[in-house]
Amino acid sequence: MSARNRGTELDLSWISKIQVNQPAVLRRAEQIQARRTVKKEWQAAWLLKAVTFIDLTTLSGDDTSSNIQRLCYKAKYPVREDLLKTLNMHDKGLTTAAVCVYPARVCDAVRALKAAGCTIPVASVATGFPAGQTHLKTRLEEIRLAVEDGATEIDVVINRTLVLTGQWEALYDEIRQFRKACGEAHLKTILATGELGSLTNVYKASMIAMMAGSDFIKTSTGKETVNATFPVAIVMLRAIRDFFWKTGNKVGFKPAGGIRSAKDSLAWLSLVKEELGDEWLTPDLFRIGASTLLSDIERQIYHHVTGRYAAYHDLPMS
């Protein structure tokens, strides 16, 4: 991944001035949804690009070592090889960006990827995912254990209470401690935006997370009632841009939760390209957290290559 975000001193004067213009954000979000997606001849190329941004995720109570193994195999071989051959992409080493699992499953993922002979990063959720309501000591230990087991990216979840009650210093301090516990592992901070109450809070939480040294900010756990939405994304992307202008530090963006269709993934790529530019369209700075999205992308690529939609047995699931 790219250079780490070093973080900055906490600057509450910056936070206190923020007021998000909600009608303007909603208008911009409508524009994105109304727009036609990429033209046909470019669609397959953009869909294959989208694959390289996916954090292929399983966060289920019934995860076992065998379904982690299948997930890792799918991460290494995300699209059927005959389809890639037709598109002349079979020798490009196409994989997903990472696999994302619970802390207890990190060892399984590391083992499976090693056996498959690939170096895809293992990301682990941590810090009392998804609610973030466990003791700080427990949350920090969870990070350390996941890193010890081989996770190179940690998706932490913030304690929403601190945002809702305006305890910005406490939030900054917690995330600084998460960053320290990560060691060399990259810190991706989940804001759980559906539970933050307002777009202004989303901007403030984004900024605090970046000041505290987050390498990525992420919309959602995927377990909230409202997950990744365009209005929230616009606010987060503009916070990333403001932070970059002010500090020179590039922070990554990860929408997650409810991104299921190939068409959705193209809209997210377009949004990042328009708001932050092409330099953010790299797995170092953009990820999509998803569990079922890859299946639909592969289905669309199958249709692009063959002219027909795949039967259920044509594309085995991960």
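None of these values were measured; they are calculated from a predicted model.

## Comments concerning the pairing of strand E3 (residues 122–126)
Argument step 1. For E3, the tally of buried residues reaches 5 of 5 residues, placing the bulk of the element in the interior.
Argument step 2. Side chains of E3 alternate between two faces, with Val122, Ser124 and Ala126 and Ala123 and Val125 buried alike.
Argument step 3. Pairing between strand E2 (residues 98–101) and E3: 3 bridges, direction parallel. Within the sheet, the bridge partner assigned to cysteine 100 lies in E3 and is alanine 123.
Argument step 4. Regarding topology, helix H6 (residues 106–115) serves as the crossover connection from E2 to the parallel E3, and that connection is right-handed.

## Section: the state of the cysteines
Each disulfide is one covalent bond, formed between the sulfur atoms of two cysteines.
Argument step 1. For the structure on display, the rule yields 0 disulfides.
Argument step 2. Free of any disulfide, cysteine 118 has its nearest neighbouring cysteine sulfur in cysteine 72, separated by 7.5 Å.

## Examining unusual backbone geometry
Argument step 1. Going from phenylalanine 129 to proline 130, the amide bond is cis rather than trans, its omega being 0°.
Argument step 2. Within the secondary structure, proline 130 sits in the loop between E3 and helix H7 (136–148).
Argument step 3. Backbone geometry at asparagine 88 places phi at a positive 60°, although glycine is not the residue there.
Argument step 4. With respect to the element layout, asparagine 88 can be found in the loop between helix H5 (81–86) and E2.
Argument step 5. Asparagine 88 gets classed as partly exposed once you look at its relative accessible area, which sits at 49%.

## Some remarks on the sheet that holds strand E6 (residues 216–218)
Argument step 1. Taken together, 8 strands build an open sheet; the order of strands is E7-E6-E5-E4-E3-E2-E1-E8 and the sheet is parallel. Here the strands that pair on one side only, and so sit at the sheet edges, are strand E7 (252–254) and strand E8 (288–290). Pairwise comparison of adjacent strand axes, ignoring direction, gives a mean angle of 25° for this sheet.
Argument step 2. Where strand E5 (residues 186–190) lies against E6, 3 bridges are found, and the strand directions are parallel. Bridge pairing links threonine 189 to isoleucine 217 in E6.
Argument step 3. Packing against the sheet, helix H11 (residues 230–247) makes contact with E6 and E7, and its axis sits at approximately 170° to E7.

## Remarks on the packing of H11 against helix H12 (residues 262–276)
Argument step 1. Relative orientation of the contacting elements H11 and H12 amounts to 35°, with a least axis distance of 10 Å. In the crossing of H11 with H12, the sense of the turn from one axis to the other is right-handed. Across the interface between the two elements, Phe230, Ala233, Ile234, Leu237, Arg238, Ile240 and Arg241 from H11 touch Ala267, Trp268, Leu271, Val272, Glu275 and Leu276 from H12.
Argument step 2. Considering only residue class, the contact of H11 with H12 consists of 10 nonpolar, no polar and 3 charged.

## A look at the UniProt feature "active site" (unreviewed entry) in the protein
Argument step 1. The feature "active site" (unreviewed entry), as annotated in UniProt, sits at Lys218 and Lys254 in this numbering. Annotated residues spanning 37 residues; largest pairwise C-alpha distance 4.4 Å, indicating a single compact cluster.
Argument step 2. Within the fold, lysine 218 resides in strand E6.
Argument step 3. A residue is classified by how much of its surface remains accessible, and lysine 218, at 4% relative accessible area, is buried.
Argument step 4. Beyond its immediate chain neighbours, meaning those up to four positions away, lysine 218 contacts Asp155, Thr189, Ile190, Leu191, Ala192, Met236, Lys254 and Ala256.
Argument step 5. Checked against the element boundaries, lysine 254 lands in strand E7.
Argument step 6. By relative accessible area, lysine 254 is classed as buried at 0%.
Argument step 7. Beyond its immediate sequence surroundings of up to four residues, lysine 254 is in contact with Asp55, Cys100, Asp155, Lys188, Phe216, Ile217, Lys218, Thr219, Arg287, Ile288 and Gly289.
Argument step 8. A distance of 2.8 Å separates the side chain of lysine 254 from the side chain of aspartate 155, its partner in a polar contact.

## A word on the nonpolar core
Argument step 1. In this structure, Ile154, Met207, Phe253, Trp268, Phe286 and Ile297 are the most contacted members of the largest nonpolar core, which totals 99 residues.
Argument step 2. The dominant element in this core, judged by the number of residues it contributes, is H11, at 10 residues.
Argument step 3. For phenylalanine 286, the contacting residues outside a window of four places in its chain are Phe53, Phe216, Phe253, Pro255, Trp268, Leu269, Val272, Trp280 and Leu281.
Argument step 4. Counting 7 residues, the second-largest nonpolar core is a separate cluster that includes Leu59, Ala123, Val125 and Phe129.

The rules behind each value
- Note that residues are indexed from 1 along each chain, following the sequence as it is written.
- Confidence filtering applies because this is a predicted model: local features only for residues at pLDDT of at least 70, side-chain atom pairs given and counted only at 80 or more, and all residues used for totals across whole chains, interfaces and linings.
- Hydrogens and water molecules were not included; the side-chain quantities draw on all heavy atoms of the structure.
- With a 1.4 Å probe rolled over the protein chains alone, any residue whose accessible area is under 20% of its type maximum counts as buried; one over 50% counts as exposed, and the rest are partly exposed.
- A run of H or I in DSSP becomes a helix once it reaches four residues, and a run of E becomes a strand once it reaches two; helices and strands are each numbered from the N terminus.
- The criterion for strand pairing is that DSSP finds at least two bridges linking the strands in question.
- Handedness of a crossover: with both strands directed away from the viewer, a clockwise path from the first strand across the helix to the second marks it as right-handed.
- The rule for a disulfide is simple: a pair of cysteine sulfur atoms within 2.5 Å.
- Angles here are taken between N-to-C directions and fall from 0 to 180 degrees, while the axes themselves are lines fitted to C-alpha atoms, restricted in helices to the stretch in contact.
- Contacts are assigned to residue pairs with any non-hydrogen atoms lying within 4.5 Å of each other.
- Handedness of a helix crossing follows the sense of rotation of the near helix relative to the far helix, less than a right angle counterclockwise being left-handed and clockwise being right-handed.
- Any residue outside Ala, Val, Leu, Ile, Met, Phe, Trp, Tyr, Cys, Pro, Asp, Glu, Lys and Arg is labelled polar, Gly included; the first ten of those are nonpolar and the last four are charged.
- UniProt positions are given in the numbering used here, feature names are shortened, and annotations may be inferred rather than shown by experiment.
- Polar contact is defined as a pair of N or O atoms within 3.5 Å, subject to the rule that within protein one atom must be able to donate a hydrogen and the other to accept it, and that residues adjacent in sequence are counted only when both atoms are side-chain atoms.
- Within this scheme, the nonpolar core is defined by two criteria: the residues are buried Ala, Val, Leu, Ile, Met, Phe, Trp, Tyr or Cys, and they are joined through side-chain atoms within 4.5 Å.

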